[in-house]
Amino acid sequence: MRVIYIGHSGFATELAHCTLLFDYFEGALSAFAPEKPLYVFSSHAHRDHFNFDIFKLRETHPNVTYILSRDIRRRWSAAGFRRHGVEQEAYDAILFPGAHETLQCGALSVETLRSTDEGVAFLVSAEGKTIFHAGDLNDWVWEEEAPAENHAMTVRFRAEVDRLAGRRLDAAFLVLDPRQGVDFARGFDYFMRCTDTVRAYPMHFWKDRSVFARLRALPCSEPYRDRIAGEEEY
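Residues numbered from 1 in each chain as written. Predicted model: local features only at pLDDT ≥ 70, side-chain atom pairs only at ≥ 80, totals over all residues. Heavy atoms only, no water.

(A) The packing of aromatic side chains, seen in detail. All chains considered together, the criterion is met by 28 aromatic pairs. Seen from their ring centres, Tyr5 and Phe205 are 5.9 Å apart, and the 25 degrees between their planes marks the pair as stacked. One end of the pair, Tyr5, is in strand β1 (residues 2–7); the other, Phe205, is in the loop between β13 (200–203) and α5 (210–217), and 200 residues separate them in sequence. With respect to class, Tyr5 is no different from Phe205; both count as buried. Ring geometry for Phe50 and Phe81: centres 6.5 Å apart, planes at 45 degrees, overall tilted. On the criterion of sequence distance, the pair formed by Phe50 in the loop between β4 (38–42) and β5 (64–68) and Phe81 in helix α1 (residues 70–83) is long-range, its members being 31 residues apart. (Phe/Tyr/Trp six-rings, centres within 6.5 Å; stacked < 30°, edge-to-face > 60°. Helix = DSSP H or I, 4+ residues; strand = E, 2+ residues; numbered from the N terminus. Buried < 20%, exposed > 50% of the residue type's maximum accessible area, 1.4 Å probe, protein only.)

Structure representation (structure tokens):
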């Protein structure tokens, strides 16, 4: 399995027989092997997670499948997709899962969690590997929010992550957002303590790479520090 960081929350994961692309919105797309099935995921409609440019991949990849969170369909509708050059036939083939669904897509098994912001998080099983992409599922605690609202956020976040308790994840792409100040690693830490994650990849850090060192310096990261991807892997 090869992981390629594209930017922000965008990652590609190349397996022996297929390629997975998550939350592309900007940056250069690698020349994915055209002979392999390509599965394109978008976790929600926010501009930093979804871009209609993903449909240009149909020009170079004859076997491409789109798995887009249901809120993207609500946001744009079939007419909006057509305005962006997506033909009706291509639109009809898109899969639009909601939260807490499981679907079989070719050789992939895809499960979804409910985001604490918009859309879903994806859990994908393929070729003996399990890959998790959080989208905007995170413990979004903010200093300016009321304590009751922050507490409710934490409860919702942990209820979703607890669904994965004890499961082995070969790769997990997790939010590490510096805008949260002292709470920037709150969600990341809980996820790592709750799951059996082999390799964790920080994302959504708005090009502020100081989060890598800050996370490693936190005493709470000591039990899983060696499982966090380093900057050199990006």
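Structure shown, so let's carry the discussion forward.
(B) Region of the structure containing unusual backbone geometry. The phi dihedral of His100 is positive, around 60 degrees, even though this residue is not glycine. Mapped onto the elements of the fold, His100 is located in the loop between α2 (88–92) and β6 (102–105). When its relative accessible area of 33% is taken as the criterion, His100 is described as partly exposed. Of note, the phi angle at Glu127 is positive, near 55 degrees, even though the residue is not glycine. Of note, Glu127 is situated in the loop between β8 (120–126) and β9 (129–133).

(C) Fine view of the environment of Glu14. Counting through the fold element by element, Glu14 comes out in strand β2 (residues 10–14). For Glu14, a relative accessible area of 15% gives the class buried. For the pair Glu14 and Lys36, spaced 22 residues apart in the sequence, the C-alpha separation amounts to 9.4 Å. In this structure Glu14 touches Met1, Arg2, Ile4, Thr19 and Phe32, once residues within four positions along its chain are discounted. (Contact = heavy atoms within 4.5 Å.)

(D) Looking closely at the pairing of β8. In terms of residue burial, β8 counts as a mostly covered element, since six of its seven residues are buried. Taken together, the six bridges between strand β7 (residues 108–114) and β8 define a ladder with antiparallel strand orientation. Paired with Leu113 across the bridge in β8 is Ala121. What sits between β7 and β8 in their antiparallel hairpin is a turn of five residues, with Gly119 showing a positive phi close to 75 degrees. Note: β8 against β9, five bridges, orientation antiparallel. In the sheet register, Ala126 faces β9, and the bridge partner there is Lys129. In sequence, β8 turns back onto β9 through a hairpin of two residues, with Glu127 there showing a positive phi of about 55 degrees. (Pairing = 2+ DSSP bridges.)

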